[in-house]
Amino acid sequence: MTSSGPWARAAARNNAEWCAALCRAHGLGAGTFGDLAWSHPRRTPPYYPDAVTLAPGAAPHDVLAGIDRAVPGASVKDSFATLDLTGHGFAPLFDARWIHRPADAPAPPPTGAAPWEPVRTAAELAAWEAAWSDGAPMDLFRPALLADPATTVLAGRAPDGGIVAGAVASRGTAPDVVGLSNVFGTDPWPGCLTAVSRLWPGTPVVGYEHGDDLTAALRHGFTATGPLRVWVSQG
């Protein structure tokens, strides 16, 4: 099953631009965007791919030629589940679905919790990352992200002010969408979507999820728009 509809393409482009933003925050540069794929010549930060396909016509050489395969752990986000990289030393890591929530979707029900707000300081970002990673030190989300006009780190707080939920919202050159990633917390979607509708009213939302997280997103007004697959090098 493959899908190359406009919302899957918009989500793939938005996601690639978020990956590029995270690489810039690590001082690695933004990588290279082509018609068919984004790729980075240096090993990207943990959990982030070295290449992302942007169109279903991408072939293996469109992603593999631009990444560092000498260092173990290279990964490719096959945005339309059209590649077969098994002959190149890669194996599937997981499958997921791109998701889309239309601009006119019903507003989430009120939760009674404090409104989600953007993270503004390096200290808040460190607390956000600690909540996201269950306290494991990561140094993944760096303060340079806070100066990126296309990136907004959103935090949901407990009554005592501690961060207990969050997400990253990204806006790039893709069609007018808000991309959501790294969504975490107990039932985070109502608070997250309320914040998105307040900050970017009338804007469609895209992202990707799998497993129980996909089920939760569909329950909150998203539809699945197409499959994706993440491949990881076995060498």
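Refer to the structure above for everything that follows.
Quick caveat: nothing in here was measured; it's all calculated off a predicted structure.

Here is what the cut-offs are and how they apply
Residues numbered from 1 in each chain as written. Predicted model: local features only at pLDDT ≥ 70, side-chain atom pairs only at ≥ 80, totals over all residues. Heavy atoms only, no water. Buried < 20%, exposed > 50% of the residue type's maximum accessible area, 1.4 Å probe, protein only. Helix = DSSP H or I, 4+ residues; strand = E, 2+ residues; numbered from the N terminus. Pairing = 2+ DSSP bridges. Right-handed = clockwise from strand over helix to strand, strands pointing away.

Chemist: Please set out the pairing of strand S9 (residues 178-184) residue by residue, giving values where relevant.
Modeler: Across the seven residues of S9, seven count as buried, placing the element largely inside the fold. Here strand S8 (residues 163-170) pairs with S9 via four bridges, running antiparallel. Its bridge partner lying in S9, Gly166 is registered against Phe184. As paired elements, S9 and strand S10 (residues 205-209) share three bridges and run parallel to each other. Directly across from Gly179, in S10, lies its bridge partner Val206. For the crossover that starts at S9, traverses helix H4 (residues 189-199) and ends in the parallel S10, the hand is right-handed.

Chemist: If you had to explain unusual backbone geometry to someone new, which residues and values would you point to?
Modeler: Among all residues save glycine, negative phi is the norm, and among peptide bonds the norm is trans. Even without being glycine, Tyr47 reaches a positive phi, approximately 75°. Tracing the chain through its elements places Tyr47 in the loop between strand S2 (37-39) and strand S3 (51-53). Residues other than glycine seldom take positive phi values, yet Asp187 does so here, at roughly 45°. Tracing the backbone shows Asp187 in the loop between S9 and H4.

It is worth stressing that arrangement in space is one thing and function is another; only the former is reported here.
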